[in-house]
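In case you want the letters, here they are:
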Amino acid sequence: MTRGMEQIEWQPASWTARTAVQQPSYPDAAEVERALATLSRLPPLVVSGEVEELKKQLAEAQQGQRFLLQGGDCAESFDECTSDRIAAKLKILLQMSVILLHGLKKPVIRVGRMAGQYAKPRSADTETRDGTTLPSYRGDLVNRSGFDSNDRLPDPNLMLRGYERAALTLNFVRALVDGGFADLHHPEYWDLAFVSHSPLEKEYRRIVESISDSLDFFESIAGGPVHHTRRIDFYSSHEGLHLLYEQAQARFIERRRRWYNLSTHFPWIGMRTADVDGAHVEFFRGVSNPLGIKVGSAMTAEWLQELIARLNPRNEPGRLTLIHRFGVNDIEERLPPLIEAVRATGTTVLWSCDPMHGNTETTSSGLKTRRFDRILRELELAFEIHHEMGSHLGGVHFELTGDNVTECTGGARGLTDGDLARAYQSQVDPRLNYEQALELGMRIAAIRNRRA
Ligand code: PEP
Ligand code: CO
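Residues numbered from 1 in each chain as written. Chains lettered and ligands numbered in written order. Predicted model: local features only at pLDDT ≥ 70, side-chain atom pairs only at ≥ 80, totals over all residues. Heavy atoms only, no water.

## Let's talk about the nonpolar core
Generally speaking, a soluble globular protein has its nonpolar side chains buried in company with each other.
(1) Moving on: Leu-304, Leu-311, Trp-351, Phe-398 and Leu-432 are the most contacted members of the largest nonpolar core, which totals 84 residues.
(2) Moving on: Per element, the largest residue contribution to this core is 11 residues, and it comes from helix α4 (residues 83-104).
(3) Moving on: Once residues within four sequence positions are removed from consideration, Leu-311 is found in contact with Ile-269, Val-281, Phe-284, Arg-285, Leu-291, Ile-293, Arg-319 and Leu-320.
(4) Moving on: Membership of the second largest hydrophobic core comes to 26 residues, among which are Val-51, Phe-78, Ala-119 and Leu-141. (Core = buried A, V, L, I, M, F, W, Y, C linked by side-chain atoms within 4.5 Å. Buried < 20%, exposed > 50% of the residue type's maximum accessible area, 1.4 Å probe, protein only. Helix = DSSP H or I, 4+ residues; strand = E, 2+ residues; numbered from the N terminus. Contact = heavy atoms within 4.5 Å.)

Next comes the structure, spelled out in structure tokens:
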């Protein structure tokens, strides 16, 4: 480890002296500068007060008093920045959160992979089709998914388009939330047409009615509305991947004497960019947001301890969430030593489970999919292992959509490989559809209640 470098004072651009993997190569440096100059003058997408409030809630989740629900698309696309899609995603997250609230009996922190999840890490820099090789598609923030040389050329103005889409998304979500859409007294506002054809409808209705009844009961005793039932908090998150985009939205907040990355509330460092001495860790160590770190099978105990030392040297409550994503085959072997390793640091983290990214398979027809049973099994194991080791799983992280897609197999409707072609929309990873997401929420609540 380069101890010397660690001493260098942090600056928003200090990452540029490190190796930055997964970054686009723009053909025109002057155009990049112009886009960044514009981006850095625009108002922030979120404010530091919200970021601090989320950190406080995550600190409570670390103590077992709250539960984190984080979910959304693998990659958002600019074309899908529409009222229907955004509302559907918000609805499914709200519905899941109500199921979890009911089942776990603790407040749920709702975080969307939304309003900025536009950049993707890729396993190869280029893609070859029929003898033609072009740069890989790195998400709408960087280039376009079509396979032609114009589409794949990284375009710095897409950072501005991404910022604008993120602002439009946040604006709509905030207006819905503030306007009473998320009022727990009226869960019918979030009904998706699909629910009435679902085998899960009865169970969902039962949960919702029971929550409405308890609210009515408490309010009749309290003689008025119970605090926080009309307006909920909803936070944004995305992978902090494209460092020029993130750096342009770093702001020093005088009043707090701290830097924040105000492109989102809750950035996470992806598995491919978590090198301790790499550019991503350097950038994120200097901003005060709560941070997620994806933890995969390649992570060692020493590496994780170094990441914690670098990113949370003062053991600040709420600062770090470790999102493990081992896959059902690896979790039993990989998770326990890492729980021990974190314990040995004497610091507190929030453990969350992403049961999606370690369970991706390719079908015989070449589509990427994930099986509901494996996703569920990894979650069950995660709860069990943490519990057995005197730790606790305080959150879940899903790729899901409010739409009726067919990308993951299994679930109550028993989707098979043969069903996938029917409504497969993802350009990247397969997402749980509305019904599968709802079912998982119910299953998580059941896992916890079985043990309680
Ligand atoms: C993702 O969350 O979409 C992702 C790429 O995850 P990971 O870094 O865990 O592979
Ligand atoms: Co993904």
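## Details of the site of ligand 1
(1) Moving on: Around ligand 1 sit 13 residues in total, of which Lys-120, Met-271, Arg-272, Lys-294 and Arg-325 are the nearest.
(2) Moving on: Take Lys-294: an N or O atom from its side chain is 2.8 Å from an oxygen atom of ligand 1.
(3) Moving on: Here His-357 contributes a side-chain N or O atom positioned 3.0 Å from an oxygen atom of ligand 1.
(4) Moving on: Here ligand 1 has 290 Å² of accessible area as a free molecule, and 97% of this is covered by the chains.
(5) Moving on: By residue class, the composition of the shell around ligand 1 is four nonpolar, two polar and seven charged. (Near = heavy atom within 4 Å. Polar contact = N/O pair within 3.5 Å; in protein donor to acceptor, adjacent residues only side chain to side chain. Areas by Shrake-Rupley, 256 points an atom, 1.4 Å probe, with all protein chains shown as cover. Nonpolar A, V, L, I, M, F, W, Y, C, P; charged D, E, K, R; others polar.)

## Notes on the packing of aromatic side chains
(1) Moving on: Taken as a whole, this structure holds six aromatic pairs when the rule is applied.
(2) Moving on: An aromatic cluster of three or more residues is present, and its members are Trp-10, Phe-252, Trp-259, Phe-283 and Phe-284. (Phe/Tyr/Trp six-rings, centres within 6.5 Å; stacked < 30°, edge-to-face > 60°.)

## Observations concerning the coordination of the cobalt ion (ligand 2)
Ideal coordination angles are 109.5 degrees for a metal with four donors arranged tetrahedrally and 90 or 180 degrees for a metal with six donors arranged octahedrally.
(1) Moving on: The protein atoms donating to the cobalt ion (ligand 2) are Cys-74 (SG), His-357 (NE2), Glu-399 (OE) and Asp-429 (OD), with metal-donor distances spanning 2.1 to 2.4 Å.
(2) Moving on: Every donor residue of the cobalt ion (ligand 2) comes from the same chain, spaced as C-x282-H-x41-E-x29-D. Here the residue His-357 occupies a position in the loop between β11 (350-353) and β12 (361-362), and Glu-399 occupies one in strand β14 (residues 393-399), the gap between them amounting to 42 residues. (Donors = N, O, S within 2.8 Å, 3.2 Å for Na, K, Ca; no water.)

## A short note on the pairing of strand β2 (residues 108-113)
Note on strand geometry: in a regular strand, side chains alternate between the two faces of the sheet.
(1) Moving on: Across the six residues that make up β2, a large majority, six, are buried.
(2) Moving on: Burial along β2 is two-sided: the residues Val-108, Arg-110 and Gly-112 and Ile-109, Val-111 and Arg-113 are all buried.
(3) Moving on: Relative to β2, strand β1 (residues 67-72) runs parallel, the two sharing six bridges. Across the sheet, Phe-67 pairs through a bridge with Val-108, a residue of β2.
(4) Moving on: Bridge count for β2 against strand β5 (residues 235-239) is three bridges, and the pairing is parallel. Of the residues in β5, the one forming a bridge with Arg-113 is Ser-237. (Pairing = 2+ DSSP bridges.)

## Here's the deal with the sheet that holds β1
(1) Moving on: With parallel pairing, eight strands are arranged side by side around a closed barrel as β1-β2-β5-β8-β9-β10-β11-β14. Neighbour to neighbour, the strand axes of the sheet diverge by 25° on average, direction disregarded.
(2) Moving on: In this structure, β11 lies alongside β14, joined through three bridges in parallel fashion. From the neighbouring strand, Cys-353 faces β14, where its bridge partner is Val-396.
(3) Moving on: In the packing of helix α11 (residues 331-345) onto the sheet, contacts are made with β9 (291-295), β10 (320-324) and β11, and the angle to β11 comes to roughly 170°. (Axes fitted to C-alpha atoms, helices over the stretch in contact; angles between N-to-C directions.)

## Here we look at the state of the cysteines
(1) Moving on: Taken as a whole, this structure holds zero disulfides when the rule is applied.
(2) Moving on: As a non-bridged cysteine, Cys-408 has Cys-74 as the owner of its nearest cysteine sulfur, 11 Å distant. (Disulfide = S-S within 2.5 Å.)

## Notes on the packing of helix α2 (residues 29-41) against helix α6 (residues 157-178)
(1) Moving on: Axis separation between α2 and α6 bottoms out at 8 Å; the angle between their running directions is 25°. Overall, the two elements α2 and α6 adopt an arrangement that is roughly parallel. Across the interface between the two elements, Glu-31, Ala-35, Leu-36, Thr-38 and Leu-39 from α2 touch Asn-157, Met-159, Leu-160 and Tyr-163 from α6.
(2) Moving on: Among the residues forming the contact of α2 with α6, the class breakdown is six nonpolar, two polar and one charged. (Parallel < 35°, antiparallel > 145°, perpendicular 65-115°, else oblique.)

## Let's talk about α2
(1) Moving on: The first and last C-alpha atoms of α2 sit 19 Å apart over 13 residues, in line with the 18 Å expected at 1.5 Å per residue.
(2) Moving on: Listed in full, the buried residues belonging to α2 are Val-32, Ala-35, Leu-36 and Leu-39. For α2, the angular spread of the buried residues around the axis is 100°, confining them to a single face. Summarising the geometry of α2, the exposed residues directed more than 90 degrees from the buried face are Glu-33, Arg-34 and Arg-41.
(3) Moving on: Those residues of α2 hidden inside the fold are in contact with α6, α8 (243-247) and β6 (250-253).
(4) Moving on: At the N-terminal boundary of α2, the capping side chain belongs to Asp-28, with an oxygen 3.1 Å from the backbone nitrogen of Ala-30. (Expected span 1.5 Å × (residues − 1). Arc of directions from axis to C-beta.)

## Examining unusual backbone geometry
(1) Moving on: Positive phi is not limited to glycine here, since Lys-105 has a value of about 60°.
(2) Moving on: Within the secondary structure, Lys-105 is located in the loop between α4 and β2.

## Here we look at the pattern of salt bridges
(1) Moving on: Under the definition given, this model contains 34 salt bridges.
(2) Moving on: A salt bridge links Arg-310 to Asp-277, with the shortest nitrogen-to-oxygen separation between them at 3.1 Å. With Arg-310 in helix α10 (residues 301-311) and Asp-277 in the loop between β8 (266-269) and α9 (279-285), the pair connects residues that are 33 residues apart, well separated along the chain.
(3) Moving on: For Asp-277, a relative accessible area of 23% puts it in the partly exposed group.
(4) Moving on: The closest approach of N and O atoms between Arg-374 and Glu-361, which form a salt bridge, is 3.8 Å. Within this pair, whereas Arg-374 is found in helix α12 (residues 372-388), its partner Glu-361 is found in strand β12, the two being separated by 13 residues in sequence.
(5) Moving on: Relative accessible area serves as the criterion here: at 23%, Glu-361 is assigned to the partly exposed category. (Salt bridge = Lys/Arg side-chain N within 4 Å of Asp/Glu carboxyl O.)

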